[in-house]
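# Observations on the model geometry
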Amino acid sequence: MQPDGIAVDEQTFVPAELFREAMSRLGAPVTVVATDGPAGRQGLTVSAMTSVSDTPPTVLVCLNRSNRSHEAFQRNGVVGISILGHGHDDVAGVFASSRRAPEEKFASGVWRVGKTGAPLLDDAAVTLDCVIEDIRTSGTHDVLFCAVRDIVISDAIAAGLAWCGRAFHHLPFAPLAASLKVRDTV
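Position numbers for residues start from 1 in each chain and track the written sequence from start to end. pLDDT decides what is reported in this predicted model: residues at 70 or higher carry local features, side-chain atom pairs at 80 or more are listed and counted, and totals for whole chains, interfaces and linings draw on all residues regardless. Excluded from the side-chain calculations are hydrogens and water; all other atoms, namely the structure's heavy atoms, are used.

Before going further, it helps to spend a moment on the sheet that holds strand β4 (residues 49–54). Read across the open sheet, the 7 strands follow the order β3-β2-β6-β9-β10-β5-β4; overall the sheet is antiparallel. The open sheet terminates on both sides in strands that have one partner only, identified here as β3 (42–46) and β4. Each adjacent strand pair in this sheet contributes to an overall mean axis angle of 30°, direction not counted. Strands are treated as partners if at least two bridges between them are detected by DSSP. A helix here means a DSSP run of H or I that spans at least four residues, while a strand means a run of E at least two residues long, and both kinds are numbered starting from the N terminus. Inspection of the sheet shows β4 paired to strand β5 (residues 57–64) by 5 bridges, in the antiparallel sense. Pairing of S51 across the sheet is with V59, part of β5. The strands touched by helix α3 (residues 89–96) are β2 (31–35) and β3; relative to β3, the strand with the most contacts, the crossing angle is about 115°. Simply put, an axis is a line fit to the C-alpha atoms, just over the touching stretch for a helix, and the angle between two N-to-C directions goes from 0 to 180 degrees. In what follows, residue pairs with any heavy atoms lying within 4.5 Å of each other are defined as contacts.

This part takes up the sheet that holds strand β12 (residues 167–172). In space, the 3 strands of this open sheet follow the order β1-β11-β12, with antiparallel pairing throughout. Strand pairing shows two members of the sheet lacking a second neighbour, β1 (28–29) and β12, which therefore form its edges. Both strand β11 (residues 159–164) and β12 contribute to a ladder of 6 bridges, which runs antiparallel. If you follow A162 over to β12, its bridge partner there is H169.

Attention now goes to the pattern of salt bridges. Throughout this description, the term salt bridge denotes a Lys or Arg side-chain nitrogen within 4 Å of a carboxyl oxygen of Asp or Glu. What the rule picks out here adds up to 9 salt bridges. Residue D142 is joined to R65 by a salt bridge in which the shortest nitrogen-to-oxygen separation is 3.4 Å. In this pair, D142 is assigned in strand β10 (residues 141–153) and R65 in the loop between β5 and α2 (70–76), connecting sequence segments 77 residues apart. Across the salt bridge formed by D134 and R136, the nearest N and O atoms sit 2.9 Å from each other. Judged by relative accessible area, R136 falls into the exposed class, the value being 52%. One salt-bridge network, in which partners are shared between bridges, spans E21, R25 and R166. With a 1.4 Å probe rolled over the protein chains alone, any residue whose accessible area is under 20% of its type maximum counts as buried; one over 50% counts as exposed, and the rest are partly exposed.

Quick look at the structure:
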């Protein structure tokens, strides 16, 4: 929806290749999103994930509808988000591969089952255990709005994993406030 008085030619699009290059220069978190339930266990690496609101705690995740795991997320209705940190480059690579079967992907790392039944990487920097509350479609992707049901923050991971310029980068975390410590992992 455009603001009143502003006309935009709806048929004018920038080339997809130019858009992808521009977005490669935008730093993004590296996360593994995973689901389990009646439609099976699936997971993939995602950088299109961000917070929406803290009241109630809500995040969004963007999934390509052509991805083979897309239907499982919709049918299972739960999402485990593992925010990766320093040392998780290999896990990110495994889950980014569309050629690997779910069993092979989940053999990478140690996984636990969250309160919702979603898989969570046990030594992730942060895990968010979520239920899908709404799904919106935009272009080739669905935007999953996920209500956060549980959070585990590790103070054993010193840096987050980011993706920028088609390469991994490590960004240091500030120390976790003592009042927020939930559980040490690793």
